[in-house]
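What the coordinates show
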Amino acid sequence: MQDLEADQALLAEAAQKAGEIALRHFRNAPQVWHKPDDAGPVTEADLEVDNFLRSFLTEARPDYGWLSEETEDDATRLHADRVFIVDPIDGTRSFIQGENSWSHSLAIADRGKVTVGHVFLPVKELDYSAVAGQGAFRNGSALQTSTRSKLSGADILATRPNMEAQNWRNLPQITRHHRPSLAYRLSLVAEGRFDAMLTLRDAWEWDIAAGSLIAAEAGAQVTDRKNVPLVFNRPDPASAGVIAANTALHQEIYKALR
């Protein structure tokens, strides 16, 4: 049986150490490469953090599988009951530009469901965590989603293309906001600072695993754009978008989408 508290402590320690590594490179002209097929940039910090996390976490839990944005995928993870799902730096462009909203996103999924999640923003000193069935917390304080039930007037975290008219039956009158890290967006919904987050393009598991649990444990309903519950550690590790909000607002958003 999974020891959830021990796994939570492990992720918390790993996130803090990852932050120390990343901050050594932050605003220090890290080397940058561009991934093939316009898949975005990667820095030496991403790779160093990834190497550290893989070594640190899999040494502690050698029977857990491994899925990370910066590690070549290994299909053996599909045969593991539990798997680490990690984004070493979520918001790499923000990191490169010297902004402060990038994060480390660490999660453990047990047979498709996330059981422990941790999102850490070193520059902001924000530490979000959740264990399945035990609530969500930011720096030790319990989180609760917004209670807004109507889409009109809502504050929603989304990129501009998501709010284009062709995506909606009737374009809602909302206030759009943006943060570069999907993990952070989900965490902000968890703490009720924003009413919802939405992404209609496919979302990689490592971007959303930790944040999806944090949002859900704070009272959000989290699904893909088709209103289907998220499942993790799949052969193709991406979901068909993400909607996260309290149950009433979530359904308003889903029904309003084309």
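Now for a description of the structure that goes with this document. (Residues numbered from 1 in each chain as written. Predicted model: local features only at pLDDT ≥ 70, side-chain atom pairs only at ≥ 80, totals over all residues. Heavy atoms only, no water.)

Quick look at the layout of surface pockets now. Each pocket or cavity is described by its volume, and for the largest pocket that value is around 1000 Å³. Lining the largest pocket are 38 residues, with Ala39, Arg93, Arg201, Trp204 and Asp207 sitting closest to its centre. At the level of elements, strand 3 (65-68), strand 4 (82-90), helix 3 (92-96), helix 4 (182-190), strand 13 (203-204) and helix 5 (205-217) are the ones that each hand at least two residues to the lining of the largest pocket. Residues that form the lining of the largest pocket fall into these classes: 11 nonpolar, 11 polar and 16 charged. In this structure, the second largest pocket spans a volume of roughly 210 Å³. (1 Å grid on protein atoms, 1.4 Å probe; cavity = no way out; pocket = protein on both sides within 12 Å on 5 of 7 lines; lining within 4 Å. Points joined across faces, edges and corners; volume = space filled by probe spheres on them. Helix = DSSP H or I, 4+ residues; strand = E, 2+ residues; numbered from the N terminus. Nonpolar A, V, L, I, M, F, W, Y, C, P; charged D, E, K, R; others polar.)

This part covers the packing of aromatic side chains. Summed over all chains, the structure comprises eight aromatic pairs. Here the aromatic rings of Phe95 and Trp102 are separated by 4.8 Å at their centres, their planes lie at 80°, and the arrangement is edge-to-face. The buried category is assigned to Trp102, whose relative accessible area is 0%. Taken together through their ring pairs, the aromatic side chains of Phe26, Phe95 and Trp102 make up a single cluster. (Phe/Tyr/Trp six-rings, centres within 6.5 Å; stacked < 30°, edge-to-face > 60°. Buried < 20%, exposed > 50% of the residue type's maximum accessible area, 1.4 Å probe, protein only.)

The subject of this paragraph is the nonpolar core. Ile85, Tyr128, Met197, Ile208, Ile214 and Phe232 are the most contacted members of the largest nonpolar core, which has 38 residues in total. Of all the secondary structure elements, the ones that give two or more residues to this core are strand 4, strand 5 (103-110), strand 6 (113-121), strand 7 (126-131), helix 4, helix 5, strand 14 (220-223) and strand 16 (242-246). Not counting the four nearest positions on each side in its chain, Met197 is found in contact with Ile156, Leu157, Leu182, Arg185, Leu186, Val189, Val242, Ile243 and Ala244. With 26 residues, the next largest nonpolar core counts Ala18, Tyr64, Phe95 and Val116 among its residues. (Core = buried A, V, L, I, M, F, W, Y, C linked by side-chain atoms within 4.5 Å. Contact = heavy atoms within 4.5 Å.)

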